[in-house]
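Chains, contacts and geometry: an overview
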Amino acid sequence: MKINNNFCLFDLDYDNPNSLCLFDFWSVAHGYWHGLSYIIIHYILKIKTLKLSIIITIILVCLHVIEEYIDNNSLYSLQGFFIDYIGPIFDNKINKKMREPDNDSIYNTIGDVLSGLIINILIVLYWYKYKKLPLFYLFGIILVIYMSLGKAHVLYSKK
């Protein structure tokens, strides 16, 4: 869905590592990891108030912005750590020497953070309404790992 020549709302092209769109295939993974981080923090801290859950949400969004900036400008991001050291456990063809900074567009960077925020808000709303965390969310890790493994060859192939 293009809005103008340089911007679109959704890019569902699985093999496009440098999307100019707000949301792309990888926004799903960003949203998932952001939500998983919230659930873990919420569980560990035994959050009881909506105010504290909102504060944690704001902190996670700020951390996600910092992570996106680092990931787009260096090789020393949290995402890079997982790709370099956890990725080869699942796919031994991953060559970490071929990894480059993401270089996402500003639109895509905003979309990745927004996807995390949206998921986080949905988790908080679920928790607030049902008074329990949506632990079924943890099953999503299977889909995210599958997506990541399927994309590893694109992220590490020579351009």
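Residues numbered from 1 in each chain as written. Predicted model: local features only at pLDDT ≥ 70, side-chain atom pairs only at ≥ 80, totals over all residues. Heavy atoms only, no water.

1. Some remarks on the overall build of the chain
In plain terms, the rule: Secondary structure elements are defined from DSSP: runs of H or I of at least 4 residues count as helices, runs of E of at least 2 residues count as strands, and each element is numbered from the N terminus. Whether two residues touch is decided by their heavy atoms; if any such pair falls within 4.5 Å, the residues are in contact. Accessibility throughout is a Shrake-Rupley quantity obtained with a 1.4 Å probe, and a residue counts as covered only by protein chains that appear here.
Summing up its helical and strand segments, the chain has five helices and two strands in all. Across the chain, helices and strands are ordered from the amino to the carboxyl terminus as β-β-α-α-α-α-α. Nonlocal contacts in the chain, meaning residues at least 24 apart in sequence, comprise 69% of its contacts between residues at least 6 apart. Just so you have it, the chain exposes about 10,200 Å², and 71% of that area is on carbon and sulfur atoms.

2. Quick look at unusual backbone geometry
Backbone geometry places lysine 46, a non-glycine residue, at a positive phi of 50°. Here lysine 131, not a glycine, exhibits a phi torsion of approximately 60°, which is positive. By secondary structure assignment, the location of lysine 131 is in the loop between helix H4 (106-130) and helix H5 (140-155).

3. Focus: helix H1 (residues 27-45)
Defined as follows: Take the residue count of a helix, subtract one, and multiply by 1.5 Å to get its expected span. Buried residues are those whose accessible area, probed at 1.4 Å on protein chains only, stays under 20% of the maximum for their type, while exposed residues exceed 50% and partly exposed ones sit between those limits.
Helix length check: H1 (19 residues) gives 27 Å between terminal C-alpha atoms against 27 Å at 1.5 Å per residue, within 8%. Of the residues making up H1, those classed as buried are Ser27, Ala29, His30, Gly31, Tyr32, His34, Gly35, Leu36, Tyr38, Ile39 and His42. Phi turns positive, to about 50°, at lysine 46, one or two residues after H1.

4. Overview of H4
Between its terminal C-alpha atoms H4 stretches 36 Å, which fits the 36 Å expected from 25 residues at 1.5 Å a residue. Listed as buried for H4 are Asn108, Thr109, Gly111, Asp112, Val113, Ser115, Gly116, Asn120, Ile123, Val124 and Trp127. The inward-facing, buried residues of H4 abut strand E2 (21-24), H1 and helix H2 (50-73). Looking at the residues trailing H4, positive phi occurs at lysine 131, about 60°.

5. Section: the packing of H2 against H4
Here is the rule: All axes are obtained by fitting lines to C-alpha atoms, using only the stretch in contact for helices, and the reported angles, taken between N-to-C directions, cover 0 to 180 degrees. Each angle is binned into one of four classes, with values under 35 degrees roughly parallel, values over 145 roughly antiparallel, values of 65 to 115 roughly perpendicular, and all other values oblique. Crossings are sorted by hand: turned counterclockwise from the far helix by less than a right angle, the near helix makes the crossing left-handed, and turned clockwise it makes it right-handed. Note on residue classes: Ala, Val, Leu, Ile, Met, Phe, Trp, Tyr, Cys and Pro are nonpolar, Asp, Glu, Lys and Arg are charged, and everything else, Gly too, is polar.
Where H2 contacts H4, the two axes come as close as 10 Å, and the packing angle between them is 160°. For the element pair H2 / H4, the angle class is roughly antiparallel. The hand of the H2/H4 crossing is right-handed. Between H2 and H4, the residues in contact are Leu50, Ser53, Thr57, Leu60, Val61, His64, Val65, Glu68 and Asn72 and Thr109, Asp112, Val113, Leu117, Asn120, Val124, Trp127 and Tyr128, respectively. When its residues are assigned to classes, the contact of H2 with H4 shows nine nonpolar, six polar and two charged.

6. A short note on a nonpolar patch on the surface
Heads up, the condition is: Patch membership is restricted to residues that have no salt bridge and whose relative accessible area is over 30%. Joining uses 9 Å for like charges and 5 Å for the nonpolar side chains Val, Leu, Ile, Met, Phe, Trp and Tyr. By definition here, a salt bridge exists when the distance from a side-chain nitrogen of Lys or Arg to a carboxyl oxygen of Asp or Glu is within 4 Å.
On the surface, Leu20, Ile106, Tyr107, Ile110, Leu114, Ile118, Ile121, Leu122 and Leu125 cluster together into a nonpolar patch covering about 800 Å² of accessible area. Mapping leucine 20 onto the fold places it in the loop between strand E1 (8-11) and E2.

7. Considerations on the nonpolar core
Put simply, the rule is: Put simply, a nonpolar core is a bunch of buried Ala, Val, Leu, Ile, Met, Phe, Trp, Tyr and Cys residues held in one set by side-chain atoms that sit within 4.5 Å of each other.
In terms of nonpolar packing, the biggest core is built from 16 residues, with Ala29, Tyr32, Tyr38, Ile39, Ile56, Ile123 and Tyr137 touching the most fellow members. Elements that contribute at least two residues to this core include exactly H1, H2, H4 and H5. Contacts of isoleucine 123, omitting those with residues within four sequence positions, involve Gly35, Tyr38, Ile39, Pro134 and Tyr137.

8. Observations concerning the environment of aspartate 112
Stated formally: Side-chain atoms alone can form a polar contact between residues adjacent in sequence; in general such a contact is a pair of N or O atoms within 3.5 Å, and within protein one must be able to donate a hydrogen while the other accepts it.
Following the sequence through the fold, aspartate 112 ends up in helix H4. Along the primary structure aspartate 112 and serine 27 are separated by 85 residues, whereas in three dimensions their C-alpha atoms are 5.0 Å apart. Setting aside residues no more than four positions away along its own chain, aspartate 112 makes contact with Leu22, Asp24, Trp26, Ser27, His30, His64, Glu68 and Asp104. Only 3.3 Å separates the side chain of aspartate 112 from the side chain of serine 27, close enough to count as a polar contact.

Function cannot be inferred from these measures alone, as they are strictly geometric.
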